[in-house]
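Residue-level structural notes
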Amino acid sequence: MSGAGVNTPLLDTIEPDEPLEVPQPQQKAAALKPVLLTPTSRAAEQYASTSSDAEAGITGILKQSAHPIALMFLYFFRIAAIVMYILGGYFNNYVLSTVIVVVLLSMDFWNCRNVSGRVLVGLRYWNQVDEDGESYWVFESRDPSRPANPIDSKMFWIALYAFPVLWVGLLIIAIVKLNLDSVPTTILALIFNVTNVIGFTYADRDAKEKWASGMTWNMGFSGIGGKLITGAVKNSVGRVFGSR
């Protein structure tokens, strides 16, 4: 009798241990769910699936920009010139549409060189003629202690290099379609755009050289650097045509 009384509580203590093994797989499954779902949900948020998302992206860029008005006008003149060039074929007055495109290109060239480049990235260039009648390039750059806004800098260089590629594509299309009336307009657009590309590329290179040498603002050094570049170009062109 005493032995049976001892075995009964032992069985009671062993039986409740079995259900404790059941919730362990549920905890593991619950822990795996956020790991699998997190990457896909984050990746989907990076793309604009609707027009409202795209507008929110443009608004976000303008909000992060230190000079949104200058950035807006940089893209406005360039996009307006291309749109007017494309829609000009549907107008009966070819001369008027061409004049509008040329005016927009001229305004974009002046705005990019004198306003957008100086405000957005702190760079400026121009050609100067000295007393001897020799021309040379002069480059200005912002004090390195005041770096440009990352959004402004990125959007400026994208506009500077992307739109010449678009005009090259429009030139190829005009040649393929034998639309010779549009060729001079596209060539003029390429001249304006490529001139700004070369000018700001050398201005940026000149600024980095001055920063590396510890000079933050020295117009004399910039003038000498531009003069050397101009002399090198003249010598190379003279060799090409002089050898003929």
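Owing to the predicted nature of the structure, the values given are computational and were not obtained by experimental measurement.

**With respect to the pattern of salt bridges**
With the rule as written, the count across this model stands at two salt bridges. The salt bridge partner of Asp 204 is Lys 208, with a shortest N-O separation of 3.3 Å. Of this pair, Asp 204 and Lys 208 both sit in helix α7 (residues 183-212), separated by four residues, roughly a single helical turn.

**A look at the UniProt feature "transmembrane region" (unreviewed entry) in the chain**
Those residues carrying the UniProt feature "transmembrane region" (unreviewed entry) are residues 155-176 and 182-203 in this numbering. Split by type, residues 155-176 is 100% helix and 0% strand. Its first and last C-alpha atoms lie 32 Å apart. Between the first and last C-alpha atoms of residues 182-203 the distance is 32 Å; the span itself is 95% helix and 0% strand.

**Some words on the confidence of the model for the chain**
Confidence in the prediction of the chain, expressed as mean pLDDT, is 74, and 64% of residues score 70 or more. Note on residues 236-244: pLDDT is under 50 here. Beyond four places in sequence and across chains, it has zero contacts.

**Section: unusual backbone geometry**
Trans peptide bonds make up most of the peptide bonds, and negative phi angles are found at most residues other than glycine. Even without being a glycine, Leu 178 presents a positive backbone phi close to 60°. With respect to the helices and strands, the residue Leu 178 is situated in the loop between α6 (150-176) and α7.

**Considerations on the pairing of strand β1 (residues 123-129)**
Alignment of β1 against strand β2 (residues 135-141), held across seven bridges, turns out to be antiparallel. Bridging from a neighbouring strand, Gln 128 pairs with Tyr 136 of β2. The antiparallel hairpin formed by β1 and β2 contains five residues in its connecting segment, where Gly 133 sits at a positive phi of about 90°.

**Overview of the environment of Asn 149**
Following the sequence through the fold, Asn 149 ends up in the loop between β2 and α6. Between the C-alpha atom of Asn 149 and that of Ser 65, which follows or precedes it by 84 residues, the distance is 6.9 Å. Leave out the neighbours within four places in its chain, and Asn 149 touches Gln 64, Ser 65 and Ala 66. Within polar-contact distance, the side chain of Asn 149 engages the backbone oxygen of Gln 64 at 3.3 Å.

**Points about the packing of helix α4 (residues 68-87) against helix α5 (residues 94-121)**
At a minimum axis distance of 9 Å, the contact between α4 and α5 shows a crossing angle of 160°. As judged from the angle between their axes, α4 and α5 are roughly antiparallel. The handedness of the crossing between α4 and α5 comes out as left-handed. When α4 is examined against α5, the residues Ala 70, Leu 71, Phe 73, Leu 74, Phe 77, Arg 78, Ala 80, Ala 81, Met 84 and Tyr 85 are found in contact with a partner set consisting of Ser 97, Ile 100, Val 101, Leu 104, Leu 105, Met 107, Asp 108, Asn 111, Cys 112, Ser 116, Val 119 and Leu 120. Classifying every residue of the contact of α4 with α5 gives 17 nonpolar, three polar and two charged.

Quick notes on the rules
- Residues numbered from 1 in each chain as written.
- Predicted model: local features only at pLDDT ≥ 70, side-chain atom pairs only at ≥ 80, totals over all residues.
- Heavy atoms only, no water.
- Salt bridge = Lys/Arg side-chain N within 4 Å of Asp/Glu carboxyl O.
- Helix = DSSP H or I, 4+ residues; strand = E, 2+ residues; numbered from the N terminus.
- UniProt positions renumbered as here; feature names shortened; annotations may be inferred.
- pLDDT = per-residue confidence, 0-100.
- Contact = heavy atoms within 4.5 Å.
- Pairing = 2+ DSSP bridges.
- Polar contact = N/O pair within 3.5 Å; in protein donor to acceptor, adjacent residues only side chain to side chain.
- Axes fitted to C-alpha atoms, helices over the stretch in contact; angles between N-to-C directions.
- Parallel < 35°, antiparallel > 145°, perpendicular 65-115°, else oblique.
- Left-handed = near helix turned anticlockwise from the far one by under 90°.
- Nonpolar A, V, L, I, M, F, W, Y, C, P; charged D, E, K, R; others polar.

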